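A closer look at the structure
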Amino acid sequence: MDESSGEWRHCYGNGGGGLTGAWPVWAGSGGCRRVWCGRGRQCVVRALTGRAECVCLEKCRPSFVPVCGSDGHFYENHCELYRTACLQRTRINVVHSKDCFFKGETCTMEEYDKLKNMLLQMQSKGQPGEDRAHETGMDQKRALVDTMFKYLDINKNGNLGTEELAWVSMKEHLEDSLLECTMQDLLRYDDYNSDGHLTLQEFYTAFQVVQLSLAEDKRVSVTTVTVGLSTVLSCGIQGTLRPPVIWKRNGVMLNFLDLEDINDFGDDGSLYITKVTTIHIGNYSCHAYGYEELSQTHVLQVNVPPVILVYPESQAQEPGIAASLHCHADGIPTPKITWLKNGIELQPPLSKQLSLIANASELRIDSVRYEDTGAYTCIAKNDVGVDEDISSLFVEDSARKTLANILWREEGLSVGNMFYVFSDEGITILQPGDCEIRRQIKQSERIVASYEEICPKSESAVAQRCIWASAISVRDKFVYVTQPFHKRILVLDTQAQKVVHAVETDPVPVQLFYDKSHDQVWVLSWGDMQKSHPSLQVITQASVGEVHRTIRTQFQRVEDLFIPPTNLIITHVRYGFVFLKLEPAVHKIDLETFHRVKTISLKNYSCVPESMAYTYLSGYYFIQCQGKGLNSSRLQLLLDSVTDSVIGTNQDITGRPYVSPDGRYVVTADEQAGKLRVQKVSFQGELHLSHELDTSFPVSDLVFQPSFTESNQYVAVATSTRGPDLLFTNLSRGESEVLRSLKDPLPPRSWPWGRTNRMVVSSGLFGQYLATPSAESLFVLDGKRSRSHCEVSDIRGGNTVVWVGEV
């Protein structure tokens, strides 16, 4: 009670700190008399009225005894909690649990990262402006985190607890931020041993500051594995609490790709590659997540045991005639070749009449004798294996023809090893060595199955004329050739040398592709001459049976198709690529099921694909861009077949790419610059510019012919679109010569079926000859001597040529 009435009132003393109890405050008449104002408030006497009033505390005594409020916030002490309740005119109770320090599920990892970034930025602003340019990003971050830990560790015991984290949150007014996380979430996410404190090491981990090390001698690691086996690449980066290891190939992260052959990274951060092939050749890098500046490079080299092919398997020669036995060996490293005769090694010095040419890939006998008859074994060896095969030689007088002699002469020469030339007059089968026409199939001859004419005369045509677009050899058993104006494909039996039947297709079939792995012929049709309804069809089991039919695929608006080639090492190809009209993408297709596997966008490079080439060494695809349109690019793109990712441009190279059969050389015909650019692909998957050649003419077509002086080397042969010139260039030495004696090709306007108005065709792996047409004739070239061998006249418009034979 007051002094007059006996009523008692109490109030807090002015400037009171925490809740220290209540005591009576006496004043004169009209002042604070035993007034109780409640927690967080104090009694004041108004100067004008002299009356006592309860108001919110101006400040609390400084003390750090953090408490949680029922409003979800924490306070330095009880006094601050009640003072806030007074100012907000609300009721806030003390929650006797530390759970209020955490905001629960609202603090996601993304929000948590924002909090840590904000703390680092605040700490960075407080650092002196000294020059730390010599330090790495990791060193700078570690220095910031060290300073921050010392700042938070109030009691200097090397641990951060709830009270210390709450104190800095209050001091820096972090509660005023819009973040969904608080300092206490550091304990929630990064207190690994759940002891309620953060050690310096745990603090390092929270801010991704990990002490990592990599031995100097392990910065580059070389791993060599034999094809078909599995391998493990182990990351040499060490450190306690090391973050997850990130693996990359050509800058593309592998960890999150669904790859068939790279599918298990293991708890130790190793990269597992199952069934290694040559496409895996190349560099791989590993680094700990968040520490890309400390990286280890793994160079993966793939060895391939030798695979050889001999030619001929058997031959019969008369005494005094020269004979050659050829052996082609592929492998990594390049195999070394030796020869045995009847089981005995042929060692230098050899006899005068016998010589080994091109690193023993050819065994030549200048003048055979009866005693040269025998089994000649070619043996190829490298570091990982050996392969061998036999080439038999029979030396017999012509009057004593044996069965081997007859078989070789009749089967080896009369049927195989021929150029099939499709011209206005029909089909010419040409034996190149003697420039002998073995068979001429006229336009009026009949198809065996239907008895239709091979080239029916149209009602509007003045004279009967054959029009062809594309031809392919199918395992040397059949030749398929398109007749675009009859919407069909003719199938020619190479044994009978007759057209046996026709396969109906969509209108205007213009391009054929042979998928050797699945024995399928793919047919690209335009629909009409304006290419308004292009489509893809497939003929399965192309080398067997007598009746063939096309199967329609799902692809429409097709511009082109690319199927990687096979060779002695790569005998199976699973995927091809389809280009669609004006679309900046390539569509990967499964050749067995005809279904689209994925679409690989080229939009970021403004690239509409025009052509592709492929090397099995490191698995690079080279994509030529059309370069049409204001924003389009003409640069070649590199596509990695391991990741199906575009890894950038092929240096500054533009033009149509061609890859040698062994995958070792990439030759690009740059029409705008008038150059051939030759790049070499190493067995480590590195791509280097070897040399450039001025062609002085736009290239129409280009093929590769094995060198006759060096094993495992090639000569590129290129034709001109507008003149008689033809270029031979040795890829290993960079030497070239131009053959200028050929006649002019078909004018480009006379060949509407593509850009190759003058094709050139090689006679196979062991062949010496090439064929290329002019407008009115066909030229056979001697590749061994880089000159014209003969001209076959009266072959007009013969720009569809295919080789059939072993060599």
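Residue numbers restart at each chain and count upward from 1, following the sequence in its written direction. Note on the predicted model: pLDDT of at least 70 is required for a residue's local features to be given, and 80 or more for side-chain atom pairs to be given and counted; whole-chain, interface and lining totals, by contrast, use all residues. Excluded from the side-chain calculation are hydrogens and water; included are all heavy atoms of the structure.

Per an unreviewed UniProt entry, the recorded name for the protein is Follistatin-related protein 4, and the organism is Chanos chanos. UniProt positions are given in the numbering used here, feature names are shortened, and annotations may be inferred rather than shown by experiment. Quoted verbatim from the Subcellular location (unreviewed entry) field of the UniProt record, the comment on the protein reads "Secreted".

Quick look at the state of the cysteines now. Two cysteines joined by a covalent bond between their sulfur atoms form a disulfide. Criterion for a disulfide: a pair of cysteine sulfur atoms at a distance within 2.5 Å. Enumeration over the complete set of coordinates arrives at nine disulfides. Across the disulfide, cysteine 107 is cross-linked to cysteine 181 (sulfur-sulfur distance 2.0 Å). Measuring the twist about the S-S bond at about 105 degrees, one finds the cysteine 107-cysteine 181 disulfide to be right-handed. Of this pair, cysteine 107 sits in the loop between β5 (94–95) and α2 (109–125) while cysteine 181 sits in the loop between α4 (162–171) and α5 (185–190), placing them 74 residues apart in sequence. Exposure is judged per residue with a 1.4 Å probe applied to protein chains only, and the accessible area is read against the type maximum: over 50% gives exposed, under 20% gives buried, and values in between give partly exposed. Residue classification places cysteine 107 among the buried residues on the basis of a relative accessible area of 1%. Judged by relative accessible area, cysteine 181 falls into the buried class, the value being 5%. Strands here are runs of E lasting at least two residues and helices are runs of H or I lasting at least four, both read from the DSSP assignment and numbered beginning at the N terminus.

A few words on the pattern of salt bridges. Pairs may arise between side chains of opposite charge once their charged atoms sit close together. For this document, the term salt bridge refers to a Lys or Arg side-chain nitrogen within 4 Å of an Asp or Glu carboxyl oxygen. Following the criterion strictly, the structure yields 32 salt bridges and no others. Between aspartate 113 and lysine 116 there is a salt bridge, and its shortest N-O distance comes to 3.7 Å. Of this pair, aspartate 113 and lysine 116 both sit in helix α2, three residues apart, which is roughly one turn of that helix. We note a salt bridge from arginine 552 to aspartate 506, for which the minimum N-O separation is 2.7 Å. Of this pair, arginine 552 sits in strand β31 (residues 550–556) while aspartate 506 is found in the loop between β27 (498–504) and β28 (509–515), placing the two residues 46 residues apart along the sequence. In this structure, a network of salt bridges that share partners links the residues Asp670, Lys675, Arg677, Glu692 and Asp694.

What follows covers the sheet that holds strand β52 (residues 800–804). Criterion used throughout: strands pair if DSSP finds at least two bridges between them. An order of β23-β22-β21-β52 is seen for the four strands of this open sheet, with the pairing classed as antiparallel. Each having just a single partner strand, β23 (436–442) and β52 make up the two edges of the open sheet. On average, adjacent strands in this sheet sit at an angle of 20 degrees to one another, irrespective of strand direction. With six bridges connecting them, strand β22 (residues 426–431) and β23 associate as antiparallel partners. Following the sheet pairing, glycine 426 is matched in β23 by lysine 442. Between the N-to-C directions of two axes lies an angle of 0 to 180 degrees, each axis being a line fitted to C-alpha atoms and, for a helix, fitted only over the stretch in contact.

In this structure, glutamine 541 sits in the loop between β30 (535–539) and β31. Taking the C-alpha atoms as reference points, glutamine 541 and valine 521, 20 residues apart in sequence, are found 8.4 Å from one another. Excluding residues that lie within four positions of it along the chain, glutamine 541 makes contacts with Asp519 and His548. For this analysis, residues touch if any pair of their heavy atoms sits within 4.5 Å.

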